[in-house]
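One-letter residues, chain by chain:
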Amino acid sequence: MNDCRNINLNHKGNCFGCGACKAVCPKQCISMETDEEGFIYPHVNKEKCISCGKCVKTCPYYHRKENQIKAVYAAINHNSEIRSRSSSGGTFYQICKHIIEEGGVVYGCAWDTEMTARHIRISRVEDIKKLQGSKYVRSDLGNTYTDAQADLKSGLKVVYSGTPCQIAGLKNFLHKDYPQLLTVDVLCHGTPSPAVFKQYTAGIEKRFNSRIIDMNLRDKKKSWHRLHTAIQFENGKKFYTFCGYDSYMSAFLTNMSQRPSCFECKFTTARRQGDITLGDFWGIGVHISKMDDNKGTSMVIINSAKGADVWDKIRQEFIVEDATFEIAESANKVLSEPPVKNPNRDNFYKTFAESGFDAAASKWIRIPGKAERLYYDFMRFCLDIYRFIFNKKY
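Let me sum up the structure you'll find in this document. None of the values given here were measured: they were computed from a predicted structure. (Residues numbered from 1 in each chain as written. Predicted model: local features only at pLDDT ≥ 70, side-chain atom pairs only at ≥ 80, totals over all residues. Heavy atoms only, no water.)

1. Quick look at the overall build of the protein
So, point 1. A count of helical and extended segments in the protein gives 14 helices and 15 strands.
So, point 2. Radius of gyration (C-alpha) of the protein: 21 Å, near the 21 Å computed for a compact globule of 394 residues.
So, point 3. Projected onto its principal axes, the C-alpha coordinates of the protein cover approximately 65 × 50 × 40 Å.
So, point 4. Out of the 394 residues belonging to the protein, those deemed buried represent 53%.
So, point 5. For the protein, the share of sequence-separated contacts (at least 6 apart) that also reach a separation of at least 24 residues comes to 69%.
So, point 6. Counting every atom, the protein has about 18100 Å² of accessible surface; 50% of that belongs to carbon and sulfur.
So, point 7. On the protein, the mean spot of the 57 positive side-chain charges and the mean spot of the 43 negative ones are 1 Å from each other. (Helix = DSSP H or I, 4+ residues; strand = E, 2+ residues; numbered from the N terminus. Rg over C-alpha atoms; globule rule 2.2 N^0.38 Å. Buried < 20%, exposed > 50% of the residue type's maximum accessible area, 1.4 Å probe, protein only. Contact = heavy atoms within 4.5 Å. Areas by Shrake-Rupley, 256 points an atom, 1.4 Å probe, with all protein chains shown as cover. Lys, Arg positive; Asp, Glu negative; His and termini not counted. Charge placed at Lys NZ, Arg CZ, Asp CG, Glu CD.)

Right, here's the structure in full:
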């Protein structure tokens, strides 16, 4: 198993695309190449390979360093502006702010000028906003593993956030525990293909005859409980819709567009990868009514002593209630099981490879027509009135 030739995968579900194998290779003989679905996989230049086995030893599919959950909290940031910019309750912002104010740096996912999701390094509080909000697409990690390692070796405090598989890849790449490193893994429903996302955004730009300058796939202006997509264009136009009426988000939410390994995820477990796990605390209103005002509540899971130490230092910034793993898991099944593969997922990607996203979406993703939308909007309105009158929480 230590021969690097074993990373030439026959089963794509075994590869998370974290790129740790590429980053650790001493001969730089591994490249990450894109397949017909738009996902990256390692390719070995066997003429340069010295069969050292470091790539396989670093692979999080074979080797995982796990933490055990120590505490679970529901949290709401006292600062309403920070909370409104966040996907849930505004916890990640405070973690980043704390580390930066102590002279540290943060690595996380941001949109670049071409609306590609990339991991970047920030060292200023005013740049935290770039990392806020969910980006439902696989992020390009670039050289952030090696950059973070350099920062750690220089003695800097570092926060590195990402999906559990990305955090696992980083930890394996580092091969040691740095006391000043804090890892934050996010609750993950899987990552769609960047190629699918690129074609989707290109189609939207063509439709509005303008370049996208900002995108929020989890806009909360109308509701935290119901996801909305908000896109701003250079020409001043705006696109805003319920996610169930958007082809890209519909593909994601129905488990049509995720990476093959997402459906066999090894990280949907109480043994978490990060020092802190963050996500939306779906269902918290049923258990602790006052913690759900439909503006966003964070699920904060503390998995290590380092995570507990940072949480203790920022806890005063939040309204906090103790919770349990059982409460957290009740409406967040990705804590304990991977998403279930849509039966048409492979057909969707076959059409995508042959004819592009628009054709695949038209054939395999059902978007309600105008009459249906009016009906569903009316029914949701009635449900909201009912919940308000009888104080029924989500």
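2. Digging into the sheet that holds strand S9 (residues 212-219)
So, point 1. Strands sit in the order S9-S10-S11 across an open sheet of three strands; the sheet is antiparallel. In this open sheet, the two edge strands, each paired with only one partner strand, are S9 and strand S11 (238-242). On average, each strand axis in the sheet is tilted by 10° relative to the strand beside it, whichever way the strands run.
So, point 2. Those strands touched by helix H7 (residues 194-208) are S9, strand S10 (228-233) and S11, and its axis lies near 115° from that of S9. (Pairing = 2+ DSSP bridges. Axes fitted to C-alpha atoms, helices over the stretch in contact; angles between N-to-C directions.)

3. Quick word on the packing of aromatic side chains
So, point 1. What the rule picks out here adds up to 24 aromatic pairs.
So, point 2. On the basis of an interplanar angle of 20° and a centroid distance of 5.6 Å, the ring pair of Tyr-107 and Tyr-160 is categorised as stacked. Remark: Tyr-160 occurs in strand S7 (residues 158-162) and Tyr-107 occurs in strand S5 (residues 105-111); sequence separation between them is 53 residues. Neither Tyr-107 nor Tyr-160 differs from the other in exposure class; each is buried.
So, point 3. Clustering of aromatic rings is evident, with ring pairs tying together Phe-39, Trp-111, Phe-197, Tyr-200, Tyr-248, Phe-348, Tyr-349, Phe-352 and Phe-357. (Phe/Tyr/Trp six-rings, centres within 6.5 Å; stacked < 30°, edge-to-face > 60°.)

4. Observations regarding the packing of H7 against helix H12 (residues 345-355)
So, point 1. Viewed as axis vectors pointing N to C, H7 and H12 meet at an angle of 60°, and their least axial separation amounts to 12 Å. Between H7 and H12, the angle is such that the two are oblique. Our pair here, H7 against H12, has a crossing hand that is left-handed. For the pair formed by H7 and H12, the contact residues are Ala-195, Val-196 and Gln-199 on the first element and Phe-348, Tyr-349 and Phe-352 on the second.
So, point 2. Class assignment for the residues of the contact of H7 with H12 results in five nonpolar, one polar and no charged. (Parallel < 35°, antiparallel > 145°, perpendicular 65-115°, else oblique. Left-handed = near helix turned anticlockwise from the far one by under 90°. Nonpolar A, V, L, I, M, F, W, Y, C, P; charged D, E, K, R; others polar.)

5. Here we look at the packing of H12 against helix H13 (residues 357-364)
So, point 1. Direction vectors running N to C along H12 and H13 enclose 145°, while the axes themselves pass 7 Å from each other. Considering the relative orientation of H12 and H13, their crossing is right-handed. Along its contact with H12, which presents Asn-347, Phe-348, Thr-351, Phe-352 and Ser-355, the element H13 presents Phe-357, Ala-359, Ala-360, Ala-361, Lys-363 and Trp-364.
So, point 2. Grouping the constituent residues of the contact of H12 with H13 by class yields seven nonpolar, three polar and one charged.

6. Observations concerning the sheet that holds strand S6 (residues 117-122)
So, point 1. Pairing is mixed in the open sheet, where eight strands are placed in the order S6-S5-S7-S8-S13-S14-S4-S15. Lying at the two open borders of the sheet, with one neighbouring strand each, are S6 and strand S15 (318-323). Shown here is a sheet whose adjacent strand axes are inclined to one another by a mean of 25°, direction ignored.
So, point 2. As paired strands, strand S4 (residues 71-77) and strand S14 (residues 298-302) are joined by five bridges and run antiparallel to one another. Within S14, the position partnered with Ala-74 by the bridge is Met-299.
So, point 3. Sheet strands in contact with helix H5 (residues 144-153) are S5, S6, S7 and strand S8 (181-186), and its direction is about 160° off that of S7.

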